[in-house]
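Descriptive structure summary
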There are 4 protein chains.
Amino acid sequence: MTSEPFEYAFRIRLHDTDAAGRLFFMHIFRHAQDALEAFMEHIGFPIDRMIRAGDILLPLTHAEADYRQPMRHGDAVRVQVSVRDLRRRSFAVGYRFLDEAGEEAATATTIHVLVTDETTVGEALPERLRAGLAAHWIQPGGHQGH
Amino acid sequence: MTSEPFEYAFRIRLHDTDAAGRLFFMHIFRHAQDALEAFMEHIGFPIDRMIRAGDILLPLTHAEADYRQPMRHGDAVRVQVSVRDLRRRSFAVGYRFLDEAGEEAATATTIHVLVTDETTVGEALPERLRAGLAAHWIQPGGHQGH
Amino acid sequence: MTSEPFEYAFRIRLHDTDAAGRLFFMHIFRHAQDALEAFMEHIGFPIDRMIRAGDILLPLTHAEADYRQPMRHGDAVRVQVSVRDLRRRSFAVGYRFLDEAGEEAATATTIHVLVTDETTVGEALPERLRAGLAAHWIQPGGHQGH
Amino acid sequence: MTSEPFEYAFRIRLHDTDAAGRLFFMHIFRHAQDALEAFMEHIGFPIDRMIRAGDILLPLTHAEADYRQPMRHGDAVRVQVSVRDLRRRSFAVGYRFLDEAGEEAATATTIHVLVTDETTVGEALPERLRAGLAAHWIQPGGHQGH
């Protein structure tokens, strides 16, 4: 059981911004993916190895983001990654994007489902993966999951 | 009042895919933006001119997508764009991504709010913009809006 | 033998631009790839099928671009695609990015080498591919190749 | 005068790869930009502030990359950034992409020219900027510049 959400830090670069001078909305998902890959590595399931092994794939079935404050070129951003939902064969990952003042600039969620090949939904998440995710599960109300 | 949703077509290119061999999820939002820009031009409000003029900005407050079938390199995709919600100072745009068989491969929604400058939420959408959006408003249950 | 270079058209979209208000330089290569895929399809060698078949791969060994005029959000751009060099197991593709006035806004070149698998350079380009490329070969001085 | 080139590290993420299982070529330029922004910050000229101030702009006139070995999802990459050419109103930045074994997987070069506004080429690089760049200038043959 962890007491802290997993954190990932990055800076808004020129290619993240658009002619309106702020983060172009879709790029938040690239940073979410970077944070997710760092998180999955942290819990012992590097996504690159899972894809190469090919036995566990976790394609997204849903992605969403809410934008609260513009993020601009040069901004330093921290992403807090936590598991928001954990089911038999799927899970949701939540991302809080915090600015330098610790204000929430945006949030995002991705939902992943276990597939064992291109077409078959898997039976259940491997026990070790489930345990790794559960250790970072923050349930609504902020309680750690079990 | 239109009888057809606005359509935009594209092909999945190599840069849309990832090592798992399918569309990398975030790229659906780039295609949604391409479709949105074509749609806004179609209703007489090209986003590039609005940003240059600077008096009407429509930043996203929310973006989401649901992925139903993998999209792969070379796939021809049609995007049906329609207005899903239309309020005083904000609106939602819906996107249906259809494969060559007409099957729904994915759907997306973006919510836009009127701001008159970096910090001020606008009073109300300009009447002409509201009318252009209303003509493509498909309300839950599929009825055209007024 | 073609009398015209192959043409591909697109618009600069918001995600192509950056906070400096112009095309972010790397995105020209995404548009070059779009143009290349359309061109390869045109000559009967769709890249997606080649990658799926896996017997002919044409990875890039070099890419470059020269930027002559800023391209901005909303600009309509035509890309002229031609073969600039054609050798036994490699070829160069040239891209001219023309603005609405027909002015050259940028040029790009990509060099591709035949590999038959991850590690082996191929013997020679298949004759039909070579012929398709040769038909669009514009040699220095602008003469068509043979 | 520095004895070491400036280094920037990153990992190849899923969105960097394509259906062929390797880094999609254009993404090397996004990583080059990330490395450049870290480098410019390091020498006291953060690009985001220069763009906001608007008095010194350094648009690219040229970008190129050579690809020597495939880079794959999960690879840890170090980028060595150095100045390769330094003129009155322009400079070239070189990037060496090294894999975990220290092998050169790719190299890239970007050329930047000083403009004082959209249309005017600047007189000469500010002295402090020139000095910061000169300290990282590695001339052909590998000698440090002066």
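As shown above, the structure is provided for reference.
Here the structure is a predicted model, which means the values were calculated and not measured.

Each value, and the rule that gives it
- Residues numbered from 1 in each chain as written.
- Chains lettered and ligands numbered in written order.
- Predicted model: local features only at pLDDT ≥ 70, side-chain atom pairs only at ≥ 80, totals over all residues.
- Heavy atoms only, no water.
- Helix = DSSP H or I, 4+ residues; strand = E, 2+ residues; numbered from the N terminus.
- Rg over C-alpha atoms; globule rule 2.2 N^0.38 Å.
- Contact = heavy atoms within 4.5 Å.
- Areas by Shrake-Rupley, 256 points an atom, 1.4 Å probe, with all protein chains shown as cover.
- Lys, Arg positive; Asp, Glu negative; His and termini not counted.
- Charge placed at Lys NZ, Arg CZ, Asp CG, Glu CD.
- Buried area = accessible area lost by both parts, 1.4 Å probe.
- Salt bridge = Lys/Arg side-chain N within 4 Å of Asp/Glu carboxyl O.
- Polar contact = N/O pair within 3.5 Å; in protein donor to acceptor, adjacent residues only side chain to side chain.
- Nonpolar A, V, L, I, M, F, W, Y, C, P; charged D, E, K, R; others polar.
- Pairing = 2+ DSSP bridges.
- Buried < 20%, exposed > 50% of the residue type's maximum accessible area, 1.4 Å probe, protein only.

**Digging into the overall build of chain A**
Assigned secondary structure in chain A consists of 3 helices and 7 strands. Reading the secondary structure of chain A in the N-to-C direction produces β-α-α-β-β-β-β-α-β-β. Computed over the C-alpha atoms, the radius of gyration of chain A is 16 Å, within 12% of the 15 Å expected from 2.2 N^0.38 for a compact globule of 146 residues. If you line up chain A on its principal axes, its C-alpha atoms span 45 × 35 × 20 Å. The contacts of chain A with a sequence gap of at least 6 include a subset with a gap of at least 24, amounting to 62%. For chain A, the accessible surface area stands at approximately 6,100 Å², while carbon and sulfur atoms represent 50% of it. Looking at charge distribution, chain A has the averaged site of its 16 positive side-chain charges lying 1 Å from that of its 21 negative ones.

**Considerations on the interface of chain B and chain A**
Contacts between chain B and chain A engage 24 residues on the former and 24 residues on the latter. Of the roughly 2,100 Å² buried between chain B and chain A, counting both surfaces, carbon and sulfur atoms make up 62%. Summed over the shared surface of chain B and chain A, the number is 0 salt bridges. Applying the counting criterion to the chain B and chain A interface returns 8 residue pairs in polar contact (both at pLDDT 80 or more). Listing elements by their share of the side of chain B that touches chain A, those giving two or more residues are helix H1 (27-42) and strand S2 (60-67) of chain B. Partitioned by chemical class, the residues of the side of chain B that touches chain A number 13 nonpolar, 5 polar and 6 charged. Relative to S2(B), strand S2 (residues 60-67) of chain A is paired through 5 bridges, and the arrangement is antiparallel. Paired with His62(A) across the strands is Asp66(B), a residue of S2(B).

**Digging into the pattern of salt bridges**
Should their charged atoms come close, side chains of opposite charge can pair. Going through the model one piece at a time under the given rule, you end up with 44 salt bridges over all chains. Measuring nitrogen to oxygen at the nearest pair gives 4.0 Å for the salt bridge that ties Glu41(B) to Arg13(C). Of this pair, Glu41(B) sits in helix H1 while Arg13(C) is found in the loop between strand S1 (6-11) and helix H1 (27-42), placing the two residues in two different chains. A relative accessible area of 32% places Glu41(B) in the partly exposed class. Measuring nitrogen to oxygen at the nearest pair gives 2.6 Å for the salt bridge that ties Glu104(B) to Arg96(B). On the basis of relative accessibility, which here comes to 35%, the residue Arg96(B) falls in the partly exposed class. One salt-bridge network, held together by shared partners, links Arg11(A), Arg13(A), Glu37(D) and Glu41(D).

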